[in-house]
2 protein chains.
Amino acid sequence: MFFAILKIMDEFDLHNLEPSRLLSMVVEAPYLKLLFGTEKVTEESLRELKALAKKAKVMEQMRAMQTGEIVNTSEKRPALHTAMRDVFGETPLAKEASALAKKELEKLKAFLPQLEGVTDLVQIGIGGSSLGPDAIYQGLKAFAKPGKRVHFLSNVDPDDAAAVFRDLDLKKTVVVVVSKSGTTLETLTNEAIAREKFKKAGLPPKIIAVTGEKSPMDDPKNYLASFYIWDFVGGRYSVTSMVGAVALSFALGFDQFMDFLKGAHEMDRHALLDHNMPLIGALLGIFNRNHLGCETAAVIPYAQGLHRFPAHLQQLDMESNGKQVTKKGDFVTGETGPIVWGEPGTNGQHSFFQLLHQGTSIVPLEFIGFKKSQYGDDLNVQGTTSQQKLLSNLIAQMIALATGQENSDPNKVFLGNRPSRLILGERLDPATLGALLAYFEHKVAFQGFMWGINSFDQEGVQLGKKLALKVIDQFAGKKVDFPLSSALLKILS
Amino acid sequence: MFFAILKIMDEFDLHNLEPSRLLSMVVEAPYLKLLFGTEKVTEESLRELKALAKKAKVMEQMRAMQTGEIVNTSEKRPALHTAMRDVFGETPLAKEASALAKKELEKLKAFLPQLEGVTDLVQIGIGGSSLGPDAIYQGLKAFAKPGKRVHFLSNVDPDDAAAVFRDLDLKKTVVVVVSKSGTTLETLTNEAIAREKFKKAGLPPKIIAVTGEKSPMDDPKNYLASFYIWDFVGGRYSVTSMVGAVALSFALGFDQFMDFLKGAHEMDRHALLDHNMPLIGALLGIFNRNHLGCETAAVIPYAQGLHRFPAHLQQLDMESNGKQVTKKGDFVTGETGPIVWGEPGTNGQHSFFQLLHQGTSIVPLEFIGFKKSQYGDDLNVQGTTSQQKLLSNLIAQMIALATGQENSDPNKVFLGNRPSRLILGERLDPATLGALLAYFEHKVAFQGFMWGINSFDQEGVQLGKKLALKVIDQFAGKKVDFPLSSALLKILS
């Protein structure tokens, strides 16, 4: 029924785009605005989408999530990433979790002076222990303290470790190992490599653990310190927990890290209002996915600092909503989460934008732009600054995709009518990036609520893990009955 | 007719995968093999695909391309990237172009000693002048001379330049500006910024031009040297020309750069054989796109060094084949180039692989793997090396995607029957990466030949450029009649 209603909704022909539509289709949130006049929803289809949202009780579910009810039904857990930043003095929505978060923040604040002489921090972790923190670090590098660098080591590929450690002075390096269970294959292997590097350099290993309380890694004999994470914060939602906190406050300082949390927290509260920006973003995405039938969604930041942000969103969105089964255990009857991808503009314009304008697939775009640059280091060339040229390109793309161009030469025809939207902020600073992160988290959650799926588990990664262990056993010379793998091994070795 | 034949082809059910299929569906090329037993083609559909290829005269077109006939029909030019590496003494297929390429290589070899004291090279260029060279530099960093670093500056975003120049010692820095016409907005703006930085530091600007002969940038008064490129080498195919040569031979040394060219050249010659690996790759892609209807294709290198390779392939593939009009000027009646995306494994396994296994969209995967690591710096943990763990994961994923898993808990069901293939090499070294680059170039070209489109122009980027200039004029305070832009500007400023 849900998918059937979506299929027959009204759609706007973007060839008829008018300034008044651009000016009226705007929703505001803390630090950010969403401009969606260049999407294909009409006032009517938006009303219908809101009715579907109401029927799915998305606001009740958002509140349930933030107050700590069990929304991760398959694993029977709450999903309390919002509690990690609900630490600003008002009454927190999930008291216990926020108290735990606050305690770790205080521990961290007291610990940071111990890292004074350290120049380089290597974070070992994979998935959410790497993608989110890396995206935020890159996004806020402009605000980092001079001489403080963070490196991320994730891959079990030995070349990743070799490349990271090649140029480091281990005397001034600290390693942070992130694993909730203390059992992730890639992470343990890379930790062993790090320990070996310290040993070879004749140095004591300087390693911090971010892990579950009482996990094998929660051990003062082996680690400088342990900071705790809990199973009610999923990996891809964990950047505002200690998973991101240690590395980011090392680089940015504790106060700027708290600004980042503040921005996220304000967006969390905003997402509880009936008319909120993440919900509108979610509805637009559902319209594009289930009405227009678009298989992908691209995120194009016109901000070089966000160059790794799409990689984080890939995990956030595709791991949360790349699901085929509803919470009730039925196979879904329509499409769920899209394939998310993207690179910064203007770079993309000189790359894949050809397909966006003239290809046979429609790709809905989520642009991200800021009025001001981060460094404020700009140059006026031929009457405009680089920042103005950047924004000019962003505006031009939104209009070009929407309106297209007629031409007697078929090669110069742009069919247009291609949807996009813009998330706009003043400047990419810690609080704004916190709000941007939380916007996407809640957009994804709202979409999951509407599709009736569980956005907080990841059963789909298990089979590969299980089979990999069998192949590892084959490599180790154990006798394993796995003929398909044996055939591939014959070619590979 | 083409698309109708494709729709009704035979397909293999991967639940029935047997070791014998894995062992027999392999095609070999210089430096690389393609394993495609985990794709859904049957012997019969492959035969039909080959018949379609024959009908489209793809081998004649490949030869026409490499010998310098006009294959870029809209711009009335040859596409002679292969001539850039056809410099190894045999009779070149396109004599004049290869002679030009050889002359530039000799100029470069003679020039390189002038860069002896230089530690950092900043390449300013966008699109093909950045993505390809950056991908190859990252891919071969393990082989770079100690203390030589390359940085890429593309974006008109002022923060890109600020971040790149922030940590450089300009006394030991050389800048390479790449623009064929000498008129690219982003590149000229960033060159102006670079000159300003040298000036502020009280240093003469040390800048090399890579440009067309007699372009405004071909000027010894303003540049240390000029290296030439020609309009018969398109941006996205230009990494083996001077566009990549200057930066890569600075970092790797001239001889290793020549090894890279050699690998590409051997794949070029291989692509002229009737049974060749790029053609098989192309046919598999067309089957997935036009028979299975998959809108995207992911490239997942199990090699951390290739972390920027998918970004290069995005441009190569989507800018070449994201087209809606045939060479004859008709609108196509089926789907052309897919959306290309990807991140390295095993990282992706902890991110978007959830959707690949259990999402509602099928994503065909092109895995890339190597038997040996680049650095050879590895550690045996619990009986296996990291390289073995890496390959184990790769094998496990191919099998898991193909065969899936039944389960009484619907959340643990993996439907399987999801196609993938593997490009396998011995080690990611210069020659192998050259071959890999050329494999993808020719795969894309063969697909373009089959779809009947022009893979060598990019008319789709023009409209955005044109509109951006109008918005820039508005920012500069000129009177411009562009109401849609005025509306967006009102919100943005």
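Note: the structure precedes this text.
Model, not experiment: these values are computed from the prediction.

Rules used throughout
Residues numbered from 1 in each chain as written. Chains lettered and ligands numbered in written order. Predicted model: local features only at pLDDT ≥ 70, side-chain atom pairs only at ≥ 80, totals over all residues. Heavy atoms only, no water. Helix = DSSP H or I, 4+ residues; strand = E, 2+ residues; numbered from the N terminus. Rg over C-alpha atoms; globule rule 2.2 N^0.38 Å. Buried < 20%, exposed > 50% of the residue type's maximum accessible area, 1.4 Å probe, protein only. Contact = heavy atoms within 4.5 Å. Buried area = accessible area lost by both parts, 1.4 Å probe. Salt bridge = Lys/Arg side-chain N within 4 Å of Asp/Glu carboxyl O. Polar contact = N/O pair within 3.5 Å; in protein donor to acceptor, adjacent residues only side chain to side chain. Pairing = 2+ DSSP bridges. Axes fitted to C-alpha atoms, helices over the stretch in contact; angles between N-to-C directions.

Colleague: Sorry if this is basic, but what is going on with the overall build of chain A here?
Modeller: In terms of regular secondary structure, chain A is built from 17 helices and 13 strands. Against the compact-globule benchmark of 23 Å for 493 residues, chain A has a radius of gyration of 24 Å, which places it among compact chains. For chain A, the spread of C-alpha atoms along the principal axes amounts to about 70 × 60 × 55 Å. Classification of the 493 residues of chain A by burial places 66% in the buried group.

Colleague: So what exactly am I meant to see when it comes to the interface of chain A and chain B here?
Modeller: Interfaces are often described in size by the accessible area the parts lose on coming together. Opposite the 141 residues of chain A that make contact, chain B presents 141 residues. Between chain A and chain B, roughly 12000 Å² of surface is buried when both sides are summed, and carbon and sulfur atoms account for 64% of that area. Counting every contact that joins chain A to chain B gives 6 salt bridges. For A:Glu459, the salt bridge identified is with B:Lys412, shortest N-O distance 3.3 Å. Summed over the shared surface of chain A and chain B, the result is 54 residue pairs in polar contact (both at pLDDT 80 or more). No other element matches helix α14 (residues 386-403) of chain A, which puts 15 residues into the side of chain A that touches chain B.

Colleague: Mind showing me how you'd approach the environment of B:Gly416 here?
Modeller: Residues and elements named next belong to chain B. Looking at where Gly-416 falls in the secondary structure, it is placed in the loop between α14 (386-403) and β13 (420-427). Residue class for Gly-416 comes out buried when judged on its relative accessible area of 10%. The sequence separation of Gly-416 and Lys-141 amounts to 275 residues, and the corresponding C-alpha distance is 37 Å. Non-local contacts of Gly-416, meaning those with residues more than four positions away in its chain, are made with His-15, Leu-401, Ala-402, Thr-403 and Gly-404.

Colleague: Sorry if this is basic, but what is going on with the sheet that holds strand β6 (residues 207-211) of chain A here?
Modeller: To summarise the sheet geometry, strands pair through backbone hydrogen bonds and adopt either a parallel or an antiparallel arrangement. All names here are of chain A. As summarised here, the arrangement of the 5 strands in space is β4-β3-β5-β6-β7, forming an open sheet in which the pairing is parallel. Each having just a single partner strand, β4 (149-153) and β7 (225-228) make up the two edges of the open sheet. Strand-to-strand, the axes of this sheet are offset by a mean angle of 20 degrees, without reference to chain direction. Inspection of the sheet shows strand β5 (residues 173-179) paired to β6 by 5 bridges, in the parallel sense. Note that in β6 the partner of Val-176 across the bridge is Ile-208. Sheet strands touched by helix α7 (residues 158-166): β3 (120-124) and β4. Its angle to β4, the strand with the most contacts, is close to 165 degrees.

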